[in-house]
Amino acid sequence: MGKVGVKLAVGCAVAACVVASVMVGRRVRRKRAWRRVVRVLEELEEGCATPVGRLRQVVDAMAVEMHAGLVSEGGSKLKMLLTFVHNLPSGSEKGTYYALDLGGTYFRILRVQLGGQRSAVIGQDVDRRPIPQHLLTGTSEELFDFIASSLKDFVEREENVSERIPSERRELGFTFSFPVKQTSSSSGILIKWTKGFVIEDMVGRDVSECLQQAISKKGLDMRVNVLINDTVGTLAVGHYHDEDTVAAVIIGTGTNACYLERADAIIKCQRLLTMPGDLVVNMEWGNFWSSHLPRTSYDNDLDADSPNPYDQGFEKMISGMYLGDIVRRVILRMSEELDVFGLVSSKLHVPFILRTPLMAAMHEDDTPDFREVAKILRDTLEFSEIPLNVRKLVVRVCDVVTCRAARLAAAGIVGILKKIGRDGSGGIASGKNECASRSEMRRTVVAVEGGLYTNYTLFREYLNEAMTQILGEEIAPNVIIKVMEDGSGIGAALLAASHSTSSVDTVQIP
Ligand code: ADP
Ligand code: MG
């Protein structure tokens with residue numbers, strides 16, 4: 001070999017060494033980055049852990065906070081609002097009633113025909129449409145004008161003119177799922193907005209009056225005779241079908257719960273309560289807070305970036321509006337460690353771009369190569385090629401976030417049962433609570449409604465599993481969770497019917 005040949009060979013060897021060491025270096029860096037990403041996941045798992053012991057602490061905290069909220073106004077983060085709903089539908093309601101359900105994402109109009117026999121909803125028409133985004137932050141006039149127009153269109157479409165007796169005024173139940181201080185069963189003042197709504201001129205105003213004015217302006221002959229929130233509607237339907245229903249929980253865009261409480265346990269309102277017996281209390285549990293809740297830096301950041309920081313802490317860990325965004329924040333954090341995620345995608349920085357139904361679809365992807373995960377990451381976040389191990393990691397993140405949410409919701413439900421002595425433990429000390437021993441635990445039904453619970457199978461499974469873990473194998477079979485499809489709307493129509501002839505007392509709450 002000549003001199004040139006030797007030089008060439010040495011050059012090639014050096015180049016090969018450089019390439020090899022660059023590759024080794026890259027592999028080592030990638031390995032380290034991957035380890036850091038896995039560490040992010042592990043920290044998330046630790047931060048979101050909900051062992052049954054911790055859930056029981058949440059149960060106790062919920063029951064104690066409920067009691068505190070019933071003792072005095074402002075006594076707890078749980079508002080424990082009086083609804084003035086005494087008489088839940090009995091089953092004898094007859095006639096045609098309308099309902100309007102303003103949730104967080106959808107807006108539903110219903111026309112329900114009742115046959116006068118329990119479980120005899122003989123006819124039902126539903127019109128469901130999304131609430132236009134711009135109305136979430138507009139004026140109350142724009143919002144109610146839109147609602148009244150849609151209502152008028154619906155009535156004109158659905159009503160058979162020959163069937164209607166012109167002297168009969170139409171009656172409507174209005175489900176308005178935001179915190180309202182009721183002044184009667186048909187009126188109430190908006191306390192604050194949640195779920196991304198910000199219509200400042202509405203806060204402090206009577207919600208029914210706004211709707212009634214908008215309806216009258218459209219020339220529609222209809223009276224708003226019940227104002228409730230979605231939990232109360234769901235409880236009404238639950239009770240209509242099954243008298244053992246004692247509570248209702250909504251798990252949709254937002255989350256909330258109501259339940260039947262003994263009038264004498266509502267200590268803060270004793271002078272307003274003239275009737276004995278049970279009353280529906282709207283907990284506004286989305287605002288529940290306890291140091292036992294497993295909170296992470298992602299929750300803190302989401303809260304700080306929200307239009308309502310320090311508010312609705314429980315809701316921000318549980319409900320459909322937020323779960324997808326918690327997952328987005330974790331993926332964003334991971335992408336800071338591993339370039340395969342992030343550098344390509346500025347979309348990952350866009351708040352709420354990863355909606356919860358998409359997150360659920362990734363979580364429930366059962367294709368062997370997680371094709372659906374790759375597709376959603378590509379279509380929504382504009383990622384290019386996502387390796388299989390990264391897809392699996394994303395699924396794991398969805399799992400951790402959903403599992404925590406579902407288990408906390410279960411703990412909240414058991415908290416209610418504990419407060420009213422239906423968890424098999426005898427309840428918390430709050431006066432005259434019956435002490436049900438384990439053996440005499442009564443059949444207890446909790447009505448559940450909301451798109452997150454009804455559409456997200458794994459969420460539902462985690463929630464049910466946690467209920468059994470918390471209550472124990474012996475008690476759990478006595479507690480039945482029943483789904484009430486469209487419960488919040490049908491319930492408003494049922495309550496419009498049961499309040500149709502009864503006089504309504506207007507009381508001023510201090
Ligand atoms: P609203 O809260 O407006 O009354 P829903 O009860 O129908 O409406 O809940 C809608 C919410 O449920 C959506 O915002 C979404 O977060 C959640 N959701 C809907 N479909 C799914 C799904 N397939 N998987 C997971 N979550 C879903
Ligand atoms: Mg709803």
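Look a little higher up for the structure.
Anyway, here's the lowdown on the structure attached to this text.

Scoring rules and cut-offs
- Residues numbered from 1 in each chain as written.
- Chains lettered and ligands numbered in written order.
- Predicted model: local features only at pLDDT ≥ 70, side-chain atom pairs only at ≥ 80, totals over all residues.
- Heavy atoms only, no water.
- Helix = DSSP H or I, 4+ residues; strand = E, 2+ residues; numbered from the N terminus.
- Areas by Shrake-Rupley, 256 points an atom, 1.4 Å probe, with all protein chains shown as cover.
- Near = heavy atom within 4 Å.
- Polar contact = N/O pair within 3.5 Å; in protein donor to acceptor, adjacent residues only side chain to side chain.
- Nonpolar A, V, L, I, M, F, W, Y, C, P; charged D, E, K, R; others polar.
- Phe/Tyr/Trp six-rings, centres within 6.5 Å; stacked < 30°, edge-to-face > 60°.
- Buried < 20%, exposed > 50% of the residue type's maximum accessible area, 1.4 Å probe, protein only.
- Lys NZ or Arg CZ within 6 Å of the ring centre and 35° of its normal.
- Core = buried A, V, L, I, M, F, W, Y, C linked by side-chain atoms within 4.5 Å.
- Pairing = 2+ DSSP bridges.

Here we come to the overall build of the protein chain. Broken down by element type, the protein chain carries 14 helices and 13 strands. For the protein chain, the exposed surface amounts to about 21,800 Å²; the carbon and sulfur share of it is 52%.

What follows covers the site of ligand 1. Close contacts around ligand 1 come from 16 residues, with Gly 104, Thr 105, Tyr 106, Thr 253 and Gly 451 the closest. One of the side-chain N or O atoms of Arg 108 is found 3.3 Å from an oxygen atom in ligand 1. Asn 455 places a polar side-chain atom, nitrogen or oxygen, 3.1 Å from a nitrogen atom of ligand 1. Of the residues belonging to the shell around ligand 1, the class tally is 5 nonpolar, 10 polar and 1 charged.

Our focus in this paragraph is the packing of aromatic side chains. Under the counting rule described, the total for this entry stands at 13 aromatic pairs. Consider the rings of Phe 107 and Phe 146, whose centres lie 5.5 Å apart with planes at 45°: the pair is tilted. Remark: Phe 146 occurs in helix α3 (residues 140-158) and Phe 107 occurs in strand β3 (residues 106-115); sequence separation between them is 39 residues. Assessed through its relative accessible area of 1%, Phe 107 is described here as buried. Ring plane angle 85° and centroid distance 5.1 Å describe the contact between Phe 288 and Phe 314, whose orientation is recorded as edge-to-face. Of this pair, Phe 288 sits in the loop between β11 (278-282) and α6 (297-305) while Phe 314 sits in helix α7 (residues 313-318), placing them 26 residues apart in sequence. Residue classification places Phe 314 among the buried positions, given a relative accessible area of 0%. Of note, Arg 128 hangs over the ring of Tyr 106, and the distance from its end group to the ring centre comes to 3.8 Å.

If you look at the biggest cluster of nonpolar residues, it comprises 95 residues, and the most contacted ones within it are Ile 251, Tyr 259, Met 283, Trp 285, Phe 459 and Leu 463. The dominant element in this core, judged by the number of residues it contributes, is helix α11 (residues 388-419), at 19 residues. Grouped together as the second largest cluster of nonpolar side chains are 34 residues, Leu 136, Val 155, Ile 199 and Val 207 included.

What follows concerns the pairing of strand β5 (residues 170-176). When you tally the buried positions in β5, you get 7 out of 7 residues, the bulk of the element. Of the two faces of β5, both are covered, the one formed by Arg 170, Leu 172, Phe 174 and Phe 176 as well as the one formed by Glu 171, Gly 173 and Thr 175. Both strand β2 (residues 94-102) and β5 contribute to a ladder of 5 bridges, which runs parallel. Bridge assignment links Tyr 98 to a residue of β5, and that residue is Leu 172. For β5 and strand β8 (residues 222-228), the ladder comprises 6 bridges, and the chain directions are parallel. Looking at β8, one finds that Leu 172 is bridged to Val 224.

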